[in-house]
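Inside the fold
Listed below are the residues making up each chain.
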Amino acid sequence: MSSNPITVPSGYATAFAIGFADAASGNLSIVDSGRPLPVSPIRAAASAPLTGSTAASGTFGPFTPIPERPVFISLSGTWQGTVSLRRSLDGGQTLLPLTLGGQAWATFSANACEPLWEEHEDGATLFLAVTLTSGTVSYRLSQ
């Protein structure tokens, strides 16, 4: 068997191969199933987290998520009430509650730290709708 895996099928066809500089030796390494092209995903910089604390009801945001990355919520403090995620496609003019199968989704009445949404549409923004009956809640939306 030839040590060169590339063969020319006729006198007029040009062979073509992809290679890269091997980190260990600095020599050309031809890409094959045993030596795949070394790549790493380029991740977009994360959006600035939406953070704060409130003792009053209100709507807080926007948080602009990077598509196809999970959004996490952290809620802490001593509070009673609800915190729910709202989504907008018009810069916050219309805030829609999240649902799953027609049922309310991403509504909290206690401290939490969990992934709650993954956005797939450019330009969507997220808001927190806070309705408190007592106490202070600290919140953070992040990716």
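This text follows the structure it describes.
First things first, this report covers the structure right here in the doc. None of these values were measured; they are calculated from a predicted model. (Residues numbered from 1 in each chain as written. Predicted model: local features only at pLDDT ≥ 70, side-chain atom pairs only at ≥ 80, totals over all residues. Heavy atoms only, no water.)

1. Topic: the nonpolar core
This is how the line gets drawn: To form a nonpolar core, buried Ala, Val, Leu, Ile, Met, Phe, Trp, Tyr and Cys residues must be joined to one another through side-chain atoms within 4.5 Å. Relative accessibility thresholds used throughout: buried, under 20% of the residue-type maximum; exposed, over 50%; partly exposed, between the two (1.4 Å probe, protein chains only). A run of H or I in DSSP counts as a helix once it spans at least four residues, and a run of E counts as a strand once it spans at least two, with each numbered from the N terminus. The criterion used for residue contact is that any of the two residues' heavy atoms lie within 4.5 Å.
Among the nonpolar cores identified, the biggest contains 20 residues, and Leu75, Leu85, Leu116 and Leu141 are the most heavily contacted of them. Mapped by element, the contributors of at least two residues to this core are β5 (70–88), β10 (112–118) and β11 (125–142). The greatest single-element share of this core, amounting to seven residues, is contributed by β11. When near neighbours in sequence (up to four residues on either side) are disregarded, Leu141 contacts Pro49, Leu50, Phe63, Val71, Phe72, Ile73, Leu85, Leu116, Leu126 and Leu128.

2. What to know about the environment of Glu121
Examined against the element boundaries, Glu121 turns out to sit in the loop between β10 and β11. What makes Glu121 partly exposed here is its relative accessible area of 37%. Beyond its immediate chain neighbours, meaning those up to four positions away, Glu121 contacts Pro67, Arg87 and Leu89.

3. A look at the pattern of salt bridges
Let me state the cut-off plainly: The term salt bridge refers to a pairing of a side-chain nitrogen on Lys or Arg with a carboxyl oxygen on Asp or Glu at a separation within 4 Å.
Per the counting criterion, the structure on display carries three salt bridges. Where Arg35 meets Asp32, a salt bridge forms, and the shortest distance between an N and an O atom there is 3.2 Å. With its nearest N and O atoms 3.1 Å apart, the salt bridge here joins Arg87 to Glu121. Of this pair, Arg87 sits in strand β5 while Glu121 sits in the loop between β10 and β11, and the two are 34 residues apart along the sequence. Taken together, the salt bridges that share partners define one network made up of Arg87, Glu119 and Glu121.

4. A closer look at unusual backbone geometry
For the bond running from Gly61 to Pro62, omega is 15 degrees, close enough to zero to count as cis. Among the structural elements, Pro62 can be located in strand β4 (residues 58–63). You will see that Glu68, though not glycine, has its phi angle at about 65 degrees, which is positive. Mapped onto the fold, Glu68 is located in the loop between β4 and β5. Look at Ala106: it is not a glycine, yet its phi comes out positive at around 65 degrees. Summarising the element assignment, Ala106 is placed in the loop between β8 (103–104) and β9 (107–108).

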